[in-house]
Amino acid sequence: MHRQHQNEIWILVAVTAVAGVLGGILFHKAALFIAIVLAIYISNTLRNVFKLHHWLINRNASDLPEGHGFWGEVFNEIFLMEKENKGNRAHLTNMLTRFQGAAAALPDGMVVLNKRNKIEWANPAACRMLGIVFPDDVGQAINNLLRHPDFLQHLLANDFSKELHLPSPRKLEQSLLLQIIPYGSSQKLIICRDVTHVSKLEAMRSKFVGNVSHELRSPITVLSGYLETLQNIQIKSSKELERPLFNMSDQVKRMERLVTDLLMLSKLETEPVKFTNNIVNVPGMLALIKESAELMSGEKQHELCFEIDEQLYLLGNQEELRSLFTNLISNAIRYTPARGLITIKWYRQAGQARFDVIDTGPGIARQHIPHLTQRFYRVDADRSRETGGTGLGLAIVKHVLERHDGQLNIESVLDKGSNFSCSFVSERVVAKPPATSDKLSANQ
Ligand SMILES: Nc1ncnc2c1ncn2[C@@H]1O[C@H](COP(=O)(O)OP(=O)(O)OP(=O)(O)O)[C@@H](O)[C@H]1O
Ligand SMILES: [Mg+2]
């Protein structure tokens, strides 16, 4: 028991005993005197309890009551506690004011959502970009204010690993980059950034590349035609022209490939995703690609091994998927030395569809792997140039996969070979529809 409690009990016992003894000796009424002492003690205790209750109700208006003895100690403890609390409250208020000041000065928008996706707080930049009125919109569900289907889907999917591009609900020409960060107990923080300028520049770049490639296409086709004619004529005339003509024709073919790849890339970057929900007969398509792969392998006589699940179809865009498969297979053929083994697999795994191209080529050093899907990135520019590579193939692969909710995984060991593996989410996997003409569907 606390020492003060013991003292208080001892005092009460002593006073009651003295009153009982004195009352008994002097007036022969010990019980009456004890009762009087206890009544005085109880009324004093009640008075102090009422004073404390009164102070608790009007805490800010009235001063802490004064007391004596044990109650003096109690009031003193409460006074010290209250003083400490006031200090803590002032410190917290000060910190919160400073934090809100800093968040208000941020150029990026910030919105705090509770676990029901209702707005708890928003800074001025978020109000400007997303049309939130703070504090009037506190308690409003965010999906009442941001109604873009992509945003709603993103919120429902509950997977916030990716950023989201959206037009601003206030100005359609303004592009926003949104990121949702879950924190605490199911709360979320939305961070948004105005990327109008960057998006415009990116669109201009893609459009420019697209236009230039388009313009270059016709002169290159004309040149290529004339070169072919010249090569045919030259066979019968001068032998000295044979080599230059061959080189010119080779370079023109490279330019043609470059222009085709650039056009494809600019289409993938600028055009909205369309026709990505057709049923594509992948086994049929791979059978056609196999024929051209054998032709491409030619003198190198690779061992081409196709392991194809004939029942596995995919929802997607025919042209784009053809480009993806062709790029990966042609890389394996291009970079694998003569008579090497190249395995192409199309199969189902854990509900997903997977496409693997496994080669026994030179492999790629670990530090290059994260950069392979950048435009014009080549591990060995000289070797790539020799083989006619431009460094755009894997950039195309990356874009096509993005547009098909797919992922690329590259595993490679130097001097052993590489495995380029694509996986497509189960929502895109379809079984072979009954009575489908394979050739027809692969050629659509
Ligand atoms: N299977 C492979 N084995 C070894 N290296 C590879 C393989 N596939 C790609 N690479 C390396 O990755 C680089 C990028 O490949 P990418 O397909 O993007 O370009 P490219 O083949 O050079 O040209 P293209 O645009 O004609 O495809 C290549 O230059 C090559 O160095
Ligand atoms: Mg390539």
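The model shown is predicted, which means the values in this text are computed figures rather than measured ones.

*Asks:* Would you mind going over the overall build of the chain with me for this structure?
*Replies:* Helix and strand counts for the chain come out as 13 helices and 13 strands. Whereas a compact globule of 444 residues would reach a radius of gyration of roughly 22 Å, the chain reaches 40 Å, over 25% beyond that. Projecting the C-alpha coordinates of the chain onto the three principal axes gives extents of approximately 155 × 45 × 45 Å. Long-range pairs, those at least 24 residues apart, make up 59% of the contacts in the chain between residues at least 6 apart in sequence.

*Asks:* How should the packing of aromatic side chains be read in this particular structure?
*Replies:* Where two aromatic rings form a pair, the distance of their centres and the angle of their planes describe that pair. Tallying each qualifying case throughout the model produces seven aromatic pairs. One aromatic cluster is present, built from ring pairs that chain together Phe325, Trp346, Phe355 and Phe424.

*Asks:* Any chance you could explain the pattern of salt bridges here in plain terms?
*Replies:* Oppositely charged side chains may form a pair once their charged atoms are brought near each other. If you walk through the whole model with that rule in mind, you get eight salt bridges. We note a salt bridge from Glu269 to Arg205, for which the minimum N-O separation is 3.1 Å. Linking Glu269 in helix α8 (residues 242-270) with Arg205 in helix α7 (residues 196-236), this pair joins segments that are 64 residues apart in sequence. Under the relative-accessibility criterion, Glu269 is labelled partly exposed at 23%. When the shortest N-O distance is used, the salt bridge between Glu269 and Arg375 registers 2.7 Å. One end of the pair, Glu269, is in helix α8; the other, Arg375, is in the loop between β10 (352-359) and α11 (381-386), with 106 residues separating them in the sequence. Here Arg375 falls in the partly exposed class, since its relative accessible area comes to 36%. Three or more residues are tied together by salt bridges with common partners; here these are Glu202, Arg205, Glu269 and Arg375.

*Asks:* For this particular structure, what's the right way to read the domain arrangement of the chain?
*Replies:* The extent of an interface is frequently quoted as the accessible surface area lost upon association of the parts. As far as domains go, the chain holds domain 1 (3-100), domain 2 (106-194), domain 3 (198-270) and domain 4 (278-443). Inter-centroid distance (C-alpha atoms) of domain 2 to domain 3 is 46 Å.

*Asks:* Can you help me understand the sheet that holds strand β7 (residues 303-308) in this one?
*Replies:* Each strand in a sheet pairs with its neighbour through backbone hydrogen bonds, running either in the same direction (parallel) or in the opposite one (antiparallel). One open sheet holds the five strands; their spatial order is β7-β9-β10-β12-β11, and the pairing between them is mixed. On the outer flanks of this sheet lie β7 and β11 (406-413), each paired with one strand and no other. The sheet shows a mean angle of 10 degrees between the axes of neighbouring strands, taken without regard to direction. Strand direction decides the pairing type here: β11 and strand β12 (residues 417-424), joined by eight bridges, are antiparallel. The partner of Ile410 across the bridge, within β12, is Phe420. Against the sheet, helix α9 (residues 282-297) contacts β7, β9 (341-349) and β10, and its axis sits at roughly 175 degrees relative to β7.

*Asks:* Sorry, what's going on with the side chain of Arg428 here?
*Replies:* Relative to the helices and strands, Arg428 is located in the loop between β12 and β13 (429-431). At 2.9 Å, the side chain of Arg428 forms a polar contact with the side chain of Asp405.

*Asks:* What is the right way to read the pairing of strand β3 (residues 164-167) from this model?
*Replies:* As a general feature of sheets, a regular strand has side chains that alternate between the two faces. Residues Leu164 and Leu166 of β3 are buried on one face, while the alternating residues His165 and Pro167, pointing to the opposite face, are not. Alignment of β3 against strand β4 (residues 175-183), held across four bridges, turns out to be antiparallel. For His165, the partnering residue across the bridge sits in β4 and is Leu177.

*Asks:* Explain helix α2 (residues 30-57) here, please?
*Replies:* For an α-helix the count is 3.6 residues per turn, leaving residues at separations of three or four pointing the same way. Helix length check: α2, at 28 residues, gives a terminal C-alpha distance of 41 Å against a target of 40 Å (1.5 Å per residue), a fit within 8%. Turning to α2, its buried residues are Val37, Asn48, Leu52 and Trp55. Packed against the buried residues of α2 are α1 (3-27) and α3 (69-105).

*Asks:* I would appreciate a short explanation of the sheet that holds β4 in the present structure.
*Replies:* The antiparallel open sheet is built from five strands, whose spatial order is β2-β1-β5-β4-β3. The open sheet has two edge strands with one neighbour each: β2 (119-122) and β3. Ignoring which end each strand starts from, the neighbouring axes of this sheet average 25 degrees apart. Contacts between helix α6 (residues 149-157) and the sheet are confined to β3, β4 and β5 (187-194), with β3 contributing the most and set at about 145 degrees to the helix.

*Asks:* Just checking my understanding: could you explain unusual backbone geometry for this structure?
*Replies:* For residues that are not glycine, phi is negative in most cases, and the peptide bond is trans in most cases. In the segment running from Phe134 into Pro135, the intervening peptide bond is cis, with an omega of 10 degrees. Looking at the element boundaries, Pro135 is found in the loop between α4 (124-130) and α5 (142-145). If you check the backbone angles, Asp405 has positive phi at about 50 degrees while not being a glycine. Along the chain, the position of Asp405 falls in the loop between α12 (393-403) and β11. Assessed through its relative accessible area of 44%, Asp405 is described here as partly exposed. Unusually for a residue other than glycine, Asp415 sits at a positive phi of about 65 degrees. Its place among the elements puts Asp415 in the loop between β11 and β12.

*Asks:* I'm lost on the nonpolar core in this one. Help?
*Replies:* The nonpolar side chains of a soluble globular protein tend to be buried, and buried together. Counting 42 residues, the largest nonpolar core has Phe325, Ile329, Trp346, Phe355 and Phe424 as its most contacted members. Per element, the largest residue contribution to this core is seven residues, and it comes from helix α10 (residues 318-335). Viewed by domain, this core spans two of them, domain 3 (198-270) and domain 4 (278-443), each represented by three or more residues. Setting aside anything within four residues of it in sequence, one finds Phe325 in contact with Val282, Met285, Leu286, Ile289 and Phe355. In this structure, Ile119, Met129, Leu166 and Ile180 belong to the second largest nonpolar core, which totals 22 residues.

*Asks:* Any chance you could explain the packing of α10 against α12 here in plain terms?
*Replies:* In a packed pair of helices, the relevant descriptors are the angle between the two axes and the axis-to-axis distance. At a closest axis distance of 9 Å, the pairing of α10 and α12 adopts a crossing angle of 140 degrees. Between α10 and α12 lies a crossing whose hand is left-handed. Residue-level inspection shows Glu320, Leu321, Ser323, Leu324, Asn327, Leu328 and Asn331 of α10 in contact with α12, the latter providing Gly393, Leu394, Ile396, Val397, Val400, Leu401 and Arg403. Here the residues of the contact of α10 with α12 sort into eight nonpolar, four polar and two charged.

Parameters at a glance
Residues numbered from 1 in each chain as written. Chains lettered and ligands numbered in written order. Predicted model: local features only at pLDDT ≥ 70, side-chain atom pairs only at ≥ 80, totals over all residues. Heavy atoms only, no water. Helix = DSSP H or I, 4+ residues; strand = E, 2+ residues; numbered from the N terminus. Rg over C-alpha atoms; globule rule 2.2 N^0.38 Å. Contact = heavy atoms within 4.5 Å. Phe/Tyr/Trp six-rings, centres within 6.5 Å; stacked < 30°, edge-to-face > 60°. Salt bridge = Lys/Arg side-chain N within 4 Å of Asp/Glu carboxyl O. Buried < 20%, exposed > 50% of the residue type's maximum accessible area, 1.4 Å probe, protein only. Domains from an automatic or database assignment. Pairing = 2+ DSSP bridges. Axes fitted to C-alpha atoms, helices over the stretch in contact; angles between N-to-C directions. Polar contact = N/O pair within 3.5 Å; in protein donor to acceptor, adjacent residues only side chain to side chain. Expected span 1.5 Å × (residues − 1). Core = buried A, V, L, I, M, F, W, Y, C linked by side-chain atoms within 4.5 Å. Left-handed = near helix turned anticlockwise from the far one by under 90°. Nonpolar A, V, L, I, M, F, W, Y, C, P; charged D, E, K, R; others polar.

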